[in-house]
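In case you want the letters, here they are:
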Amino acid sequence: MAYLQPLIFYILSALPIFWLISPSLSSLDNVNDKVTVSLYYETSLCPRCASFISNDLVKVFHTDLHTIINLRLVPWSNAEIHCQHGEEECHLNTIHSCVIHFWPDVIEHLEFIRCTEQQSLKGAPVEALWKDCSEKLRLNEEIIKKCYPTGFGYKLLLQYSNETAHVKPPQEYVPWVVGNNQPLRQDFENFVKYVCQATKGDHKPATCKAQSSNLSPTIHASFAVPQQPAIPDFYKLALQWPPSVCSSTLRCKTPIPTEFTIHGIWAQDAHDKPVPPYDNHHPCTNPQSIILQSDLRQLLIRDVALWNNLRALWPNLKLRGSNVKFWFDEWRKHGTCSDFAQHPLSYFKSAIQLRTNLNSAMGLTSGSTYTVQQVADIVFQHVGASPQISCNTNINNNDLQLGEMFICYGRPGPSHLFGTTQNCSNLFFGHCNSGTNIIKFP
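Bear in mind the structure is a predicted one, so any value in this text is a computation, not a measurement. (Residues numbered from 1 in each chain as written. Predicted model: local features only at pLDDT ≥ 70, side-chain atom pairs only at ≥ 80, totals over all residues. Heavy atoms only, no water.)

### Some points on the packing of aromatic side chains
Counted under the stated rule, the structure contains 17 aromatic pairs. On the basis of an interplanar angle of 80 degrees and a centroid distance of 5.7 Å, the ring pair of Phe52 and Phe191 is categorised as edge-to-face. Here Phe52 is found in helix H4 (residues 47–55), whereas its partner Phe191 is found in helix H10 (residues 191–198), with 139 residues between them in sequence. The burial state of Phe52 is the same as that of Phe191; both residues are buried. An aromatic cluster is built from Tyr235, Trp314, Trp331, Phe340, Tyr347, Phe348, Tyr409 and Phe418, whose rings are joined through pairwise contacts. (Phe/Tyr/Trp six-rings, centres within 6.5 Å; stacked < 30°, edge-to-face > 60°. Helix = DSSP H or I, 4+ residues; strand = E, 2+ residues; numbered from the N terminus. Buried < 20%, exposed > 50% of the residue type's maximum accessible area, 1.4 Å probe, protein only.)

### Looking at the side chain of Ser289
Position of Ser289 among the secondary structure elements: in the loop between strand S6 (261–268) and helix H13 (293–301). In this structure Ser289 touches Trp331, Thr336, Ala341 and Gln342, once residues within four positions along its chain are discounted. (Contact = heavy atoms within 4.5 Å.)

### Focus on helix H6 (residues 106–120)
Between its terminal C-alpha atoms H6 stretches 21 Å, which fits the 21 Å expected from 15 residues at 1.5 Å a residue. Two to three positions downstream of the cap, the backbone nitrogen of Ile107 sits 2.9 Å from a side-chain oxygen, assigning the N-cap of H6 to Asp105. (Expected span 1.5 Å × (residues − 1). Polar contact = N/O pair within 3.5 Å; in protein donor to acceptor, adjacent residues only side chain to side chain.)

### Let's talk about the state of the cysteines
In total, this model carries 7 disulfides according to the counting rule given. With its sulfur 1.6 Å from that of its partner, Cys391 forms a disulfide with Cys432. Here the disulfide of Cys391 and Cys432 is right-handed, its torsion about the S-S bond being about 75 degrees. You can see Cys391 sitting in strand S8 (residues 388–393) and its partner Cys432 sitting in the loop between strand S11 (428–430) and strand S12 (438–441), a full 41 residues away along the chain. Taken individually, Cys391 and Cys432 each receive the classification buried, so the pair is uniform in this respect. Covalently, Cys408 is tied to Cys424 through a disulfide, its sulfur atoms 2.1 Å apart. (Disulfide = S-S within 2.5 Å.)

Here it is as structure tokens:
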């Protein structure tokens, strides 16, 4: 029968894409009274996605929960048309799409996805890691090989991209867990509780009965969405090194700056997770903060000094994209539910002030090579606290390099001035996974 596989693949690849993809979320809802749970995730550089898949989702099939869940995995990301973390992420997204299609049994493809996610976070090359996982799980490597280069996998990926783009309400970050058309937002790790609440009928799995004391006495047909957003616990000043960012996944304007520029200032909760932005489901501020780009532009442009500082220290490096859109996106995602929600000017001024107080290269020497720990030690000497280090890879030679770093601060006081720096919760981000990793600083 092996000789039939190429023929079957050829026939499948010629079929219209709408036939190939699994039914949409809406058409799957409440099939056989099950709760449809969809995970919108990205591959390769999303530690939270990998952790959720490995530590939480897999438990569905270690218990009787699988009897009440239709589980769907959607391998796309925060991307628009491109992959947020470069070609390797696109490659692995496509491989996941192929495996989901040709091995529709969720137990099979979830195990494969879990395997690749765990290995990718260790820095394994995409080609090697998916082959290793397919061999380990006895999935036919030839089927996956044919799916990727023929463009069939890319067609699958585009369908997932289209679905992600039309999720209502829109996806805001990853992982983004949706059950019966309702997002769980930052409470996604507690998805079991909501699945149990949403399950119809009296025959509930033992897993649900075991935690019944923690459930609401009223069982709802849809997910009970948490109504209160997380509260900021601390902030991260995200600084990107333009020569690294622009030699990795981003096509940049020239000239490329040779000092750290601001990526954003991010409100984080006590678990080092982003505080979700303002929306109608979570009106975290009253009255509502500025959420129109035109209003923010008018506010910023009136302050000439701030406007000039933003252009110099917080530029949009991307070749196609305006500064104002970049600033607005950061404000919408990270400012509208922060301590600055009613004070957008203070939000931007604070970021500029923090950046101005720092060394332009954070004590590092351009053109040098360091270990991750050496970078952390040098930065510690300058700011008095441990940073978080993010690495990426040079697209031309695959060298590991310092792409970004995060400096952590306590919450601001009534005057909207940040207090002292504090140690970041985690040292590594992106491709960094050890203090001994050798990284370049171009």
